[in-house]
Structures are given as structure tokens and as C-alpha cells.
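The lines below spell out each chain.
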Amino acid sequence: MKKLSTLLLLALFFSACNSVKRVKENEHLLTKNTVIEDGQKINNPEVNELIVQKPNGKTLGFPLSLYFYNLGNSEKPQKASEWGKKKPKTYNFIKSIFSEKQSIGFANSMIGLNNWFLRNGQAPVIIDEQKVQKSVLELNSYYKTQGYFKAQVAYERDTVGKKKGSIRYLITKGQPLYLDTISYNIESPILDSIYKRSLSDSYLKSGEQYKDANFRSEAKRLTRLFRNSGIYHFNENLIGFYEIDPERIDYKTNVDLRISDRFLYEKGQIKQVPLKIQKLRNVNIYTDYSFEKKDQKESEITTYKGLNFKSFEKLRYNPKLLSQSIFIRPNDVYTDTLRNLTRFHLKSLKNFKTINIRYDTISGSDDELDVNIFLTPIERYTLGLETELTHSNIRDLGVSGKFSIINRNTFKGAEIFKLSFLGSFFNASQDANQSGNFFNSWEIGADLSLEVPRFLAPFGLGKVVPKSMSPVTTFTLGTSIQKNIGLDRQTITGLIDYKWQYDPKKTVQLEIFNTQYVRNLRIGTYFQIFNSEYLKLQNIVQAYNTATSSNITITNSGASPVEAMNTIFNNTAFQTSNPTEFRDNLNILDRYNIITSDFLIPTIAYSFTYNNQTNYTDNNFSFFKVRVANSGNVAGFVSKKRNANNRKTLFNIPLAQYFKVDLEYKKFWEIDGRSVFGFRSFLGAILPYDNSDIPFTKSYFAGGSNDIRAWQTYDLGPGRRNSGLEYNIGSLKFLTSAEYRFDVFGSLKGALFVDAGNIWDITNSIFADEEAKFDGLRSLKDIAVGSGFGLRYDFSFLVFRLDVGFKMHEPYLTGNRWLRNYNFSNAVYNIGINYPF
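Residues numbered from 1 in each chain as written. Predicted model: local features only at pLDDT ≥ 70, side-chain atom pairs only at ≥ 80, totals over all residues. Heavy atoms only, no water.

Chemist: If you had to explain the environment of Thr223 to someone new, which residues and values would you point to?
Modeler: With respect to the element layout, Thr223 can be found in helix 9 (residues 212–227). Judged by relative accessible area, Thr223 falls into the buried class, the value being 14%. Taking the C-alpha atoms as reference, Thr223 lies 28 Å from Leu375; in sequence the two are 152 residues apart. Among the polar contacts listed, one links the side chain of Thr223 to the backbone oxygen of Ala219, at a separation of 2.8 Å. (Helix = DSSP H or I, 4+ residues; strand = E, 2+ residues; numbered from the N terminus. Buried < 20%, exposed > 50% of the residue type's maximum accessible area, 1.4 Å probe, protein only. Polar contact = N/O pair within 3.5 Å; in protein donor to acceptor, adjacent residues only side chain to side chain.)

Here it is as C-alpha cells:
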């Protein structure tokens, strides 16, 4: 029966793979469009986009969405009664065993399945003569916009198989048109003067080829120029380009730029009015405006630096502070730039539902404007509840919730005060302390934050960054208790963060006081949780007892494992006789000290981010981020105390002292409307100083669903070392990934990927193996390589991801390291939420 079912499924699939299965007689499936320009085949995305009909989308060379569509049939019945007539045997069989209700239900299920195939697949693209003709017209118009006014476009239709065809578009460009003399005629003397000062910025140059885009760009440039010079009433419709003659035998044309004054319709007549520079008279800000209040009289008016702050109820915003987000001032010349900057700034305050900036002409004055800014506030107190599925390199899958109380305009300066309570339950990766529950770990916490839309800094430093860059100061205080990797951990965090937008693509962040206190509450359970380390330590103790005629015994709880490790560490004779076991003991002891140690981590950090993505649909963009951090420098200078391990302490807590640099670069290219190629690279290094350890949470690891996907989280490295322990960390990390993402059908997407990288030790610690240390270019051979494929389902609010990673190069193997375990039995199956990068 199983074999029969498999054969039926295969038969159904191969039947669907007949691409012309749903193509009728005398129809042809469009398989290819070819554009021939002056005898040469071209592949110009701009030209290809103009072709109305395009072949069915392909994934890795196959029209999978068409195959999926072919599993359905648009001519099948859409009602249960019709389906019963079409399939009377099946319908009556179910009816005889159960009832007609079940027969109707089964029929509706089959109809629904058929429609699901049709909905999520792509119907065959049939060659349509009218659409081909429309493509010819579109191409002809396009080449005229490029200056080829004599261009000729034709097409040829070819049959390439049964019910299949292709279209070839044949384009003869001819001679292009060039710009000759460029003159201008501007009626307004004011505009004429402004224009002359900007001639060098013109997009139109004598001797250059005619391009329609240059004319559009010039019109937009002039509109921006005049409106930002005070000409409020100027618009693009006042600009015209004349005397363009494509019929000259020398293939040149003169261009006459004409800019007229504006026209007004008054008392049934149209009259021409000279354009003038407009200055601003009154600037009124309504801080609590709503449509219901539009006819009411404001009850309170306060003037600050010429700005009139008005409210219908009590004025709740401090005029001095709110004025810092308003760049429009009385007696200034009107500019679009300051209008847009004011709107952007007010929106960034996250205090107002709507922002409307209106300019009103003044009766009897043709060179002044009144400005009215209408602000509709968001409710001052709001409650927020967020729930989500989570996934990370450590947390396989979890659910989290966040309840927030938000108070806006806390101190009358558009501040945002937030009190949040967080809770999450998740399944921790590689947790050796499995309790039998799916969600074997939890975390609860609370955060208190105050976001101030300006720089709060002493000694006048708040003026260093201009308000136009939207500076924000954030104060945060938080605490959490978690059971994440087996040890119950408590964290207390305090943060003062400065952030500003240098320009739309560049963001700068300065963390002045980012202090974290990490305390482990249940150290005695370490070897119960890290069972593999306990088993390895047992073998080391046995070897030690044999070599030294000792009788050390250990259990997986209490102090005996630590005492045994210290005893072995202090025995130089054992180091000579059993170097491998001695080294393994060092590694376990080192990891124990790092993971179980409490730390105070006072960090100062600088981050710079460049991101030219215009919106979430933009798939052609670059991303770069650098973060430089130092921990413990100032605190270490203040504190002179040290603990028994000769490490600096503050309040008797070990002080983390290190320098850390992270560099990340991402680049994405949209290949077509159905596929994207992405590249990601990361390089990070952390160097401790003054005999400090690196906190476990600040160390690097390799592997996991967002990292090198052919290895589990923490499984890989450091270097070519294969410890077999649960959590492997390093102080240097390199990672690079390339991923090809493509649509399969409907909301289902696929990916092919290659990941490479590793972690190493660069601390020169006595605990580090030689195999784990970074050794310059010679360590390139330690880079692990994995590849694989993935499926992603887009739910619009999140992307559910399954990636399968295969080990290509394993640096820890002896002999041949390539493709030895490249199979499904050694593959790693990664479940993730959203994309890996």
C-alpha cells in the first residue's frame, strides 16, 4: 500500500511537470523573450521591464509555480453538486458508507484543494498578440526617451515545441539626438537671478545626448531650487521645454527653457501674478488640535522666541523644549527643506497622531505667509501587550510576552517613560539538564526606560550634535532572572545611550554608561548541567589516580570536581607524564571559571551604522556596522582592589576589562522580481587586559541557525579543536555567508546557502590549546565550510524558516577534511524565525 501511494504521488508530480498540461490547442506557452538591439542580443533590466508579457517565473531553471498550478484545474467544478455529477462513483461510494453530508464535505474539500493549487501557483502565460503589440509600442516610446526618435521596433514569433513559443523583439535604434543651443526665458526677474546662480548644476548640457530623464530631473531640480529660495507658490507646471526638433538632418536640437509667472483665477478671469519671495509672519503651533476643536477658541497662548504655542486646554508641552523640533521661524524665508525637517522631527517625537503644517496667504500682502502647525497628541497613558514566537542561536524555539505601561510627555518635553514586564518560555539549545518539558527554560524581567528627544549632557556637550540630526538620550534600568543554559542567572543592567541620525543613511550611537552585573545563582549544579564535561573530568581523574597512586573521587555536584581540577592543575609531574589529560583538565577548569564567574561589565561603546535600504521592499541595498567597545577602563582606574586570582574587583565583584571590535557588512542584489542574492560577512575580536577574564556572554561562538548552519550552536571551534564539550567559545570570530533566495510558489520560498568561518583564541591564555589559537594566515585552513538549502514560509508578520546544513570542510578532522560527512545523517536541521541575515 505504501509503495502504491508513493507511485501515485510520483505520477501526480510528473504529470504536473508537463508545462503545457493546461495549454489549449492553438495556444502557445511563452517560454522566452529575446531583445535584439542593432543585431546584438541585450539583457537590459530597464528594457525587459517594458515587455508586457513575461514567461512563467523559474526557480533553478524550472517553472515550479507553473507545475504547482498544473496540479489544479480551472475547469473543474466549483460546487459540491457539480463535483458529484463529475465524480459519481466516488460521491456515491462515500454516501453509501457514511451519508450524503460526508459526500458533500469530501467534495468541498477536493474543490478547496484544487482552488488552493490554482491560487498559489502561476497560470501558464499564453502568447497574446495584443500584448505583444503593446510591448512594441512601449519599447518604441522608451527609445524615444533615450534620444532615438528614429528607432524602429518589430517582433518575430517562433514556435519552439508543441504548444510552446517565444518572441523576439527587433530594435533598430538609428542615430541619437544631441542637444545644441540651450536658452532660457524666465518671466520673473527674481527667478531669473536665482536660476543664473545655479546654471552649473543643470542636468542639461550642450553636446550631450537627449535623454528624457535629464529633462525630468532638471524640472525637479528647479522646483526644489525655487521653493527652497522662498518661492512658495512655485510648482513644476510653470516649467516648459520648447523648440525640441528631432527632424533636423544634423541630429541636433535646440532647447528653450521657459518659466512663466503663476496664473490665478479671480472673478471669472485668469490673470498672471508675478512670483515673489515669501517670508513667514506668524508661526502658530496648536499642541492639542483635533477636528472637533477646529471651531473653538484656544484657551492658552504662550510665545517663545517668536513661536506662538496655542492650546484649547491647559498647555501640556514646554514651549522651550518643543521649539527645538520646530525649524520654522518668523521672518525667515520659506523653504521646503525646513518644512520637511520640522515634520520629520515632530514625527520622531512619537507623541503625535497627526502633524499638519499649513501655510496661509495673508490678505493684502503678497510676500508674507502665516504658518499654522496642527498637532494631534497620542493618548498620554497607553498600555501595550506584545507576544511573539522567538528563536535565536541559543534558544531553539520559544514564546515571549511583554506588558508595557507608557507615559508620553512625562516632563512636558515630549519624553517617553516606559515600564515593561517581560516573560518568556523557551527550549534552550543543547541544555543537558532536560526536564522532559518542551519549554525547559524561562526568563522574567522588568525594564524602566526614559527616552528624551534631545541630548542631556553636562558642560554644554548637548549642543555638539545639531537638532537637525534628531539626537535622542535614553536612560534604561533593568533586571532579569533566567534559566537559560542551565545556571540560574540574574542580571542587572543600567544604560545611558546617545543616538543621532547623521543623515538618512547613517546612524551614530554612543553608549556612555552601559553597565551590566551578571550573577550566577546555582553554581553547584554546573557539572550536572554540563554532563559531557563531568564525564570527561571523570576520565581525567581516573588517569590522575593511576599516574600518581591517588584516590580522588568526584560527584557531579558540590565542590569535589573543582577541588580535583585544582589538584591536577598544581601537579607538574602529571603535566609531564600525561600532557593530554592535563591540557583537557585546564580547558574544563578555564570554562568552569568563565561560565560560573560573576561579573561587573561597565562598557563604553561607539557604533556607526550605514544602511541605504529605502524601505522593507527594497532588495538592492548595503548595510555596514562597526562597534568599538571598552569595558572596565574607568572603573579599573578607580578601583585598586584585587581578588585571590589577581583580578580587579569593584564592590568585591570581578571586573570585566577588555577591548572589543565588531565589523559587519551585508549586501543584497535583486536578480529579478522572484529572487535575491545576499552576502554577509562578520569579523569580531575581543582582547582582555590586566589579567581579566572575558565574560561568557561577551565571548564569540560559532554554529546555529543564524550562523554557520552546518553546525549546532557552540559546537564548532575554537580553531581546529574538537573538544566534544557543550559550549565552545573564542575571542576572535570570522563569519561569511552567501545565500540565494527565491520564490517557489505562493508564500513558500526557498534558499541555497554557503556559510564559512570559525572562532579562535587570541588571548594567549595558558588554558588555550595550540589548536585553538589564531596563527595568522596559517589559520585559514581552520575555516569551516557548510552549505545547504532551506524552505521559508512568509506569514507576512514573520517568516518561518527551516534550513538544512551539510558539513563541507571540517577543520578538526585528520586526513581528508572535505565532504567526508556531507550527507543527511550528519546534517543539521535548523528551525528559525525570520531570515538569518
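Chemist: Would you mind going over the pairing of strand 27 (residues 675–688) in detail, with residue names and values included?
Modeler: Strand direction decides the pairing type here: strand 26 (residues 658–672) and strand 27, joined by 14 bridges, are antiparallel. Pairing of Leu663 across the sheet is with Leu683, part of strand 27. Adjacent in sequence and paired antiparallel, strand 26 and strand 27 are bridged by two residues. Note: strand 27 against strand 28 (residues 732–745), 11 bridges, orientation antiparallel. Residue Ala685 lies in a different strand from strand 28, and its bridge partner there is Leu732. (Pairing = 2+ DSSP bridges.)

Chemist: Can you tell me about the sheet that holds strand 12 (residues 307–311), naming the residues and giving the values?
Modeler: The strand order 11-12-10-14-13 describes an open sheet built from five strands, whose pairing is mixed. Looking at which strands have only one partner, the edges of the open sheet turn out to be strand 11 (300–304) and strand 13 (352–362). Averaged over neighbouring strand pairs, the angle between their axes works out to 20 degrees when direction is ignored. Sheet topology note: the strand 10 (residues 279–286)/strand 14 (residues 365–377) ladder contains six bridges and is parallel. Its bridge partner lying in strand 14, Asn284 is registered against Asn372. In the packing of helix 11 (residues 336–348) onto the sheet, contacts are made with strand 13 and strand 14, and the angle to strand 13 comes to roughly 155 degrees. (Axes fitted to C-alpha atoms, helices over the stretch in contact; angles between N-to-C directions. Contact = heavy atoms within 4.5 Å.)

Chemist: Tell me about helix 9, and please be specific about residues and values.
Modeler: Between its terminal C-alpha atoms helix 9 stretches 23 Å, which fits the 22 Å expected from 16 residues at 1.5 Å a residue. By the burial criterion, the buried members of helix 9 are Phe215, Glu218, Ala219, Arg221, Leu222, Thr223, Phe226 and Arg227. Buried residues belonging to helix 9 abut strand 5 (178–186), helix 8 (189–196), strand 6 (239–242), strand 7 (252–259) and helix 11. (Expected span 1.5 Å × (residues − 1).)

Chemist: Kindly report on the sheet that holds strand 5, identifying the contributing residues and their values.
Modeler: Strand order in this open sheet of three strands is 5-7-6, and the pairing throughout is mixed. In this open sheet, the two strands that pair with only one neighbour each are strand 5 and strand 6. The mean angle between the axes of side-by-side strands here comes to 20 degrees, regardless of whether they run parallel or antiparallel. Sheet topology note: the strand 5/strand 7 ladder contains seven bridges and is parallel. Residue Asn185 lies in a different strand from strand 7, and its bridge partner there is Arg258. Packing of helix 8 onto the sheet brings it into contact with strand 5 and strand 7, and relative to strand 5 it is tilted by some 140 degrees. The sheet contacts of helix 9 involve strand 5, strand 6 and strand 7, and relative to strand 6 the element is tilted by about 145 degrees.

Without other data, these values stay purely geometric and don't point to any function.
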